[in-house]
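A look at the structure
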Amino acid sequence: MPETIAAPAVTIAAPAFTIRNDHLIPVEDGQAVSRGWLQRHGAKPLGVTWHWAVTRRLSVLRDVLGGAKAERKGEASAHYGIGRSFAEGVDRYVSLDNRSWHAGKHQTLRWDGKALQGDDDFKGSRTTIGIETSHIGANVDGIKAEADWISTATPLGVSIRVQPWTAEQITMCIEVGREIVKRWPHIGPNDHHGHHDICPLDGSGNAYKIDVCGFPFAKVLRGIYPEKTINDVWTPLETVRQRQRALKALGYNIGAAGVDGSWGASSRNALLLFQRHEGLVPNGLWSTFVSRAIHAELADRGRNLADVTAGPL
């Protein structure tokens with residue numbers, strides 16, 4: 001059975017920020033919102049998809065997604081936009097009783113990690129609550145990393161640096177998560193994932209979404225669900241070397257070079273074999289679903305994930 005690690009309690013005082021409703025998207029034709037959740041799914045959402053918006057300010061995100069005259073009117077939306085400070089606060093763009101158009105293009109996996117298999121009713125825009133965080137993203141497309149940026153890797157194993165989420169932003173993420181769970185208490189910790197987990201590739205097999213690589217899932221989920229034990233399956237598997245160490249510890253061949261920080265054919269093949277062994281979709285792409293399975297398999301063997309993957313990043 002997976003190891004049980006007591007998670008530190010996360011206590012949050014009364015919110016020092018506002019969740020605003022003044023940029024709600026009207027539920028009408030031509031807008032990126034759909035009324036209600038599908039009866040096929042019990043008229044309720046099935047999970048939560050976390051995003052970053054590649055913006056430095058919530059006001060920019062608001063112009064793009066919020067209100068009746070958003071720049072992406074009729075194309076994309078989200079249930080929430082979360083700023084980087086309490087002063088910016090949180091925007092609500094879509095009610096939790098309705099669906100936002102936040103994920104689905106090039107989607108290959110469902111919210112639970114299973115193959116989508118062409119069933120549009122299981123796309124993110126029809127099954128999950130979408131949360132956009134104001135965040136500049138990664139050191140790609142001309143964006144330069146700063147000293148405190150997080151070292152992580154994409155689903156394809158490309159090493160990147162990612163802007164950290166601020167302490168106040170993390171607090172707001174937790175409070176938004178608590179609001180979601182209060183309305184939809186069936187949504188549990190394992191129902192949360194990143195956009196990159198379900199939409200990693202485009203139609204040509206090239207990298208598509210990398211948000212939210214590096215997201216502090218353990219800290220956020222421990223705050224949303226303080227009564228539950230949340231194992232950190234993300235931080236010890238952020239980088240290529242950490243992922244290689246985990247696969248090697250499980251007995252998979254990662255190539256003659258060993259743990260070298262280069263995600264080549266041998267590392268990908270090792271991941272494919274692991275996915276097949278665990279009953280995961282064998283796509284050779286790293287995801288939250290892979291990280292959870294890695295943690296569980298190591299725990300079954302009496303080994304601690306953080307210890308196994310310790311070493312230079």
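Residues numbered from 1 in each chain as written. Predicted model: local features only at pLDDT ≥ 70, side-chain atom pairs only at ≥ 80, totals over all residues. Heavy atoms only, no water.

**Things to note about the sheet that holds strand 3 (residues 47-52)**
How we decide: Pairing between two strands is assigned when DSSP locates at least 2 bridges connecting them. Elements are defined by DSSP. Helices are runs of H or I of four residues or more, strands are runs of E of two residues or more, and each kind is numbered from the N terminus. Working rule for contacts: check all heavy atoms of both residues, and any pair within 4.5 Å makes them a contact. Here an axis means a line fitted to C-alpha atoms, over the contact stretch when the element is a helix, while the angle between two N-to-C directions is reported on a 0 to 180 degree scale.
Ordered by their spatial adjacency, 6 strands build an open sheet running 1-5-4-7-3-10, and the pairing between neighbours is mixed. Looking along the sheet, the strands with just one partner apiece sit at the ends: strand 1 (19-20) and strand 10 (192-194). Examined bridge by bridge, strand 1 and strand 5 (residues 90-92) share 2 bridges and lie parallel to one another. Across the sheet, residue R20 finds its bridge partner in strand 5, namely D91. Contacting strand 1, strand 3, strand 4 (80-82), strand 5 and strand 7 (128-133), helix 3 (residues 167-183) crosses the sheet at an angle of about 160° to strand 4.

**A short note on empty space enclosed by the protein**
As a reminder of what qualifies: Each cavity reported here is a set of points on a 1 Å grid over the protein atoms alone in which a 1.4 Å probe fits but cannot get out, each pocket an open set with protein on both sides within 12 Å along at least five of seven lines, and each lining residue one with an atom within 4 Å of a point. Grid points are joined across faces, edges and corners, and a volume is the space filled by probe spheres set on the points. Side-chain classes are defined by residue name, with Ala, Val, Leu, Ile, Met, Phe, Trp, Tyr, Cys and Pro counting as nonpolar, Asp, Glu, Lys and Arg as charged, and the others, Gly among them, as polar.
As enumerated under the stated definition, the model contains 3 cavities of 30 Å³ or more in all. The calculated volume of the largest cavity comes to roughly 180 Å³. Lining the largest cavity we find 19 residues, and of these H196, G214, W234, E238 and R243 sit closest to its centre. Mapped onto the lining of the largest cavity, the elements with two or more residues apiece are strand 8 (150-153), helix 4 (195-198) and helix 8 (288-300). Split into classes, the residues belonging to the lining of the largest cavity amount to 9 nonpolar, 7 polar and 3 charged. The volume enclosed by the second largest cavity comes to roughly 50 Å³. In this structure, the second largest cavity is lined by L109, G113, Q275, L280, V281, N283, L285, S287, F289 and V290. In terms of residue class, the lining of the second largest cavity is built from 6 nonpolar, 4 polar and no charged.

**Comments concerning the packing of helix 3 against helix 5 (residues 217-224)**
Counted only if it meets this: The labels follow the angle: roughly parallel below 35 degrees, roughly antiparallel above 145, roughly perpendicular from 65 to 115, and oblique for the rest. In this scheme, a crossing is called left-handed if the near helix is turned counterclockwise away from the far one by less than a right angle; it is called right-handed if the turn is clockwise.
The contact between helix 3 and helix 5 brings their axes to 8 Å, and the two run at 45°. One element, helix 3, and the other, helix 5, form an angle in the oblique class. Crossing of helix 3 against helix 5: the hand is right-handed. For the pair helix 3 and helix 5, the contacting residues are I170, C173, I174, G177, R178 and V181 in the first and K219, V220, G223 and I224 in the second. Among the residues making up the contact of helix 3 with helix 5, the classes are represented as 6 nonpolar, 2 polar and 2 charged.

**As for the confidence of the model for the protein**
So the rule is basically this: What pLDDT expresses is the predictor's confidence in each residue, scored from 0 to 100.
With 95% of its residues at a pLDDT of 70 or more, the protein has an overall mean of 94. Long-range and interchain partners of residues 1-12, a stretch whose pLDDT sits below 50, account for 27 contacts in this model, where long-range means more than four residues apart.

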